[in-house]
Structure formats: structure tokens, C-alpha cells
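Breakdown of the fold
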Amino acid sequence: MSLGGYIFYLALIMLIPLWAQMRVKSTYKKFLQQPIQSGVTGAQVADFIMKQNGVHNVRIEMVDGLMSDHYDPVNKVVRLSREVYQGSTISSAAIAAHEIGHVIQDATDYKMMRVRHRLVPVVNITSNLSFPLLLGGFLLGAMGLAQLGVVMMLGAVVFQLVTLPVEFDASKRAMAELTSHGIVTATEESGARKVLNAAAWTYVAATLVAVAELIRLALIVFMPRDE
């Protein structure tokens, strides 16, 4: 790869996730300013949807941090950021419903969520080893080490690929719950969908970058060189 091509590649893999983050933040903030007619908070949305789906063993907690919302399947806790937990807005309803989408996945034994959960300990190990192996391989001229580092990177890429259907499915479940129970009105539905779609793009961007970097490094360490 030429110097110009490499610079373009670096700019691309930095700009894609940056664009995705900017999009989700701007969309989130826009609809965080728009109250929903039902007047329910994100915490109430989460609690209501769980009860409607027969889930009674998951706690809902408020945590600090912007967009720090997540579901912890190990401890059975949905953690919602303050703005989502207390807010009665399109963004708070959409994000809360999305996290409960994960709760429902867990409760219904959604296959891809189980696969992702099983991959976590493996990916934690391979991700920590891949960079030292790549660096050591390049510095020592030991392509075997570098090749092993690329193989280790494959775990993180597989994890990203598995994450995509999990996140999209959670958003699909969220929209179904928000609309079927009248939590958002027909006019508010578009905004909720935009919030969920913007959030999904962050995962798409992360996956694209991970795949592109894996391919680039694989071409470097596995392609035969002319002596």
C-alpha cells in the first residue's frame, strides 16, 4: 500500500466511527428534548415492558454517564443513565425499550445473545494477546508471531459480527413494544426509530473498522513476499 493509500485508509477507519458517534449523539440529544405524550419515564417504560413480557427477576438501576445504558445479563440488572431513567422523552423511551429488548432476548433464550455471551471470555483473552503478538512479530521479524496475532484478532471480529444481529433484534423488539402498548404515538414513532437506528450505526461502524483492519493485517502477514 502506498503512503497516500495508507493515509487514506487511516483517515477512513477513524472517520467512520467518528461519524457514527456524532450521528448517534446528535440524534439522541435532539429527541432528548422532545417529551412523549404518555409522560412515562424511561424507568417506567423499562418496568412496564418487562412486566408485559413476564419478566420479574431483573432490577432497574440509575447510573451516571452519558449514554451509559446497558443490560447486565450476569447480575440481571438494567442500568439506565440518569437522562434515560428520569426522562420522559422520545430518546429515553427508545433507549430504555432497547435495553429491555436485551432482557427479553435473555428471558427467551435468544440464540445469538447466548453465542455472544459465550464469546466474551474468549475475546477478552485474544484481544489482549493480538497486539503484543503483532508488535513482537513485526519488531523481531518473526512473521509466525504476527500471523498468530492476526488469528487472535479474528475473535474480536467474530464478536462484532455476532453483536450486529443482537443489537438489531433488540431494537426491533423495542419498537414493537413501544408502538403496540401506545408508549409512543404514531407521530413519535419516527423519532424513536431514528434514535434506535442511529445507535445501531455505531455497531455497524465498529464492525466495518474491525473487518477492514483484519483484512489489511492479514494481507501484510500472510501474503507471500517477493525476495
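Per an unreviewed UniProt entry, the chain goes by the name Zinc metallopeptidase and belongs to Exiguobacterium aurantiacum.

Points about the sheet that holds strand 2 (residues 70-72)
The mixed open sheet is built from three strands, whose spatial order is 1-3-2. For this open sheet the edge positions go to strand 1 (59-63) and strand 2, each flanked by a neighbour on one side alone. Ignoring strand direction, the axes of neighbouring strands in this sheet form an average angle of 25°. In terms of strand pairing, strand 1 meets strand 3 (residues 77-81) through five bridges, oriented parallel. By the bridge assignment for strand 3, Glu-61 is matched with Arg-79.

A short note on unusual backbone geometry
The backbone phi angle of Met-67 is positive, close to 55°, even though this residue is not glycine. For Met-67, the position within the fold is in the loop between strand 1 and strand 2. You can call Met-67 partly exposed: its relative accessible area is 29%. Non-glycine residue Lys-76 carries a positive phi angle of around 55°. Its location among the elements puts Lys-76 in the loop between strand 2 and strand 3.

With respect to the packing of helix 6 (residues 143-180) against helix 7 (residues 186-222)
Between helix 6 and helix 7, whose axes approach to 9 Å, the crossing angle comes to 165°. Between helix 6 and helix 7, the crossing angle belongs to the class labelled roughly antiparallel. Relative to helix 7, the crossing made by helix 6 is left-handed. Looking at the contact of helix 6 with helix 7 residue by residue, the classes come out as 26 nonpolar, six polar and four charged.

What to know about the nonpolar core
Membership of the largest hydrophobic core comes to 34 residues, with the highest contact counts inside it found for Val-45, Ile-49, Val-58, Val-78, Ile-100, Val-103 and Leu-178. Breaking this core down by element, the ones donating at least two residues are helix 1 (3-32), helix 2 (42-52), strand 3, helix 4 (90-107), helix 6 and helix 7. In terms of residue count, helix 4 provides more of this core than any other element does, nine residues in total. Once you skip the residues sitting within four places of it in the chain, Ile-49 turns out to touch Ala-97, Ile-100, Ile-104, Glu-177 and Ile-183. Met-153, Val-157, Ala-210 and Val-221 belong to the second largest nonpolar core, which has nine residues in total.

Quick word on the environment of Leu-208
Turning to its location among the elements, Leu-208 is positioned in helix 7. The exposure class of Leu-208 is partly exposed, given its relative accessible area of 45%. Residues Leu-208 and Ala-146 lie 62 residues apart in sequence; the distance between their C-alpha atoms is 22 Å.

Procedures and definitions
Residues numbered from 1 in each chain as written. Predicted model: local features only at pLDDT ≥ 70, side-chain atom pairs only at ≥ 80, totals over all residues. Heavy atoms only, no water. Pairing = 2+ DSSP bridges. Helix = DSSP H or I, 4+ residues; strand = E, 2+ residues; numbered from the N terminus. Axes fitted to C-alpha atoms, helices over the stretch in contact; angles between N-to-C directions. Buried < 20%, exposed > 50% of the residue type's maximum accessible area, 1.4 Å probe, protein only. Parallel < 35°, antiparallel > 145°, perpendicular 65-115°, else oblique. Left-handed = near helix turned anticlockwise from the far one by under 90°. Nonpolar A, V, L, I, M, F, W, Y, C, P; charged D, E, K, R; others polar. Core = buried A, V, L, I, M, F, W, Y, C linked by side-chain atoms within 4.5 Å. Contact = heavy atoms within 4.5 Å.

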